[in-house]
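Chains, contacts and geometry: an overview
The residues making up each chain are set out below.
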Amino acid sequence: MKSDYLNPETLLTLFKSLPVQQLMIRGCSGAIMSAISRTELDSIPLPLIQQDVQDEIARHIQKSLDFRQEAKNLLDEAKLTVENAILLGGGVMVDIQQLTK
């Protein structure tokens, strides 16, 4: 979706918000695979948000995406480290129950 008034990050935030979700549910049709018509979607009222607030939302969303990517990279690195330790026999046997006491 594109808007002349709202940046993509602000649109994302709005469409994930409970009030807009509830408005979308009201316009849905279909039992198993719900769908909302373009007309219904266009009729959902969205607030006009000042550009400086939209810019702040965009910064937070981008920061969140950066953290998510960093977490994924760290998890991948940790998995490789564990796999290498197992393959190379560098691991140490530990009693899990002793660690949880």
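To be clear, the structure that these remarks concern was listed above.
Report follows, based on the coordinates. (Residues numbered from 1 in each chain as written. Predicted model: local features only at pLDDT ≥ 70, side-chain atom pairs only at ≥ 80, totals over all residues. Heavy atoms only, no water.)

Each helix and strand counted, the protein has five helices and two strands in total. Ordering the α and β elements of the protein from the N terminus gives α-α-β-β-α-α-α. Across the 101 residues of the protein, 14% fall into the buried class. Taking the intrachain contacts of the protein between residues at least 6 apart in sequence as the baseline, contacts between residues at least 24 apart amount to 57%. (Helix = DSSP H or I, 4+ residues; strand = E, 2+ residues; numbered from the N terminus. Buried < 20%, exposed > 50% of the residue type's maximum accessible area, 1.4 Å probe, protein only. Contact = heavy atoms within 4.5 Å.)

Looking at soluble globular proteins, one finds that nonpolar side chains tend to be buried together. Ranked by size, the top nonpolar core spans eight residues in total: L6, L11, L14, F15, V20, M24, L41 and I44. If you list the elements that add at least two residues to this core, you get α1 (8-16) and α2 (18-26). At three residues, α1 tops the list of elements feeding residues into this core. When near neighbours in sequence (up to four residues on either side) are disregarded, M24 contacts F15, I36 and I44. (Core = buried A, V, L, I, M, F, W, Y, C linked by side-chain atoms within 4.5 Å.)

So, on to the environment of M1. Assignment of secondary structure puts M1 in the segment before α1. Exposure remark for M1: the relative accessible area of 58% places this residue in the exposed category. Distance in space between the C-alpha atoms of M1 and L11 is 8.2 Å, their sequence separation being ten residues. Contacts of M1, omitting those with residues within four sequence positions, involve L11, F15 and L41.

Another aspect to go through is the pattern of salt bridges. A side chain of one charge can pair with a side chain of the opposite charge if their charged atoms are brought near each other. Tallying each qualifying case throughout the model produces two salt bridges. The partner of D42 in a salt bridge is R38, with the nearest N and O atoms 3.3 Å apart. Separated by four residues within a single helix, D42 and R38 lie in helix α3 (residues 38-42), roughly one turn from each other. What makes R38 exposed here is its relative accessible area of 56%. As a salt-bridge pair, D76 and K72 come within 3.1 Å of each other at their nearest N and O atoms. Remark: K72 and D76 occur in helix α4 (residues 51-88); sequence separation between them is four residues, near one turn of the helix. A residue is classified by how much of its surface remains accessible, and K72, at 47% relative accessible area, is partly exposed. (Salt bridge = Lys/Arg side-chain N within 4 Å of Asp/Glu carboxyl O.)

Read these as spatial facts, not as claims about activity.
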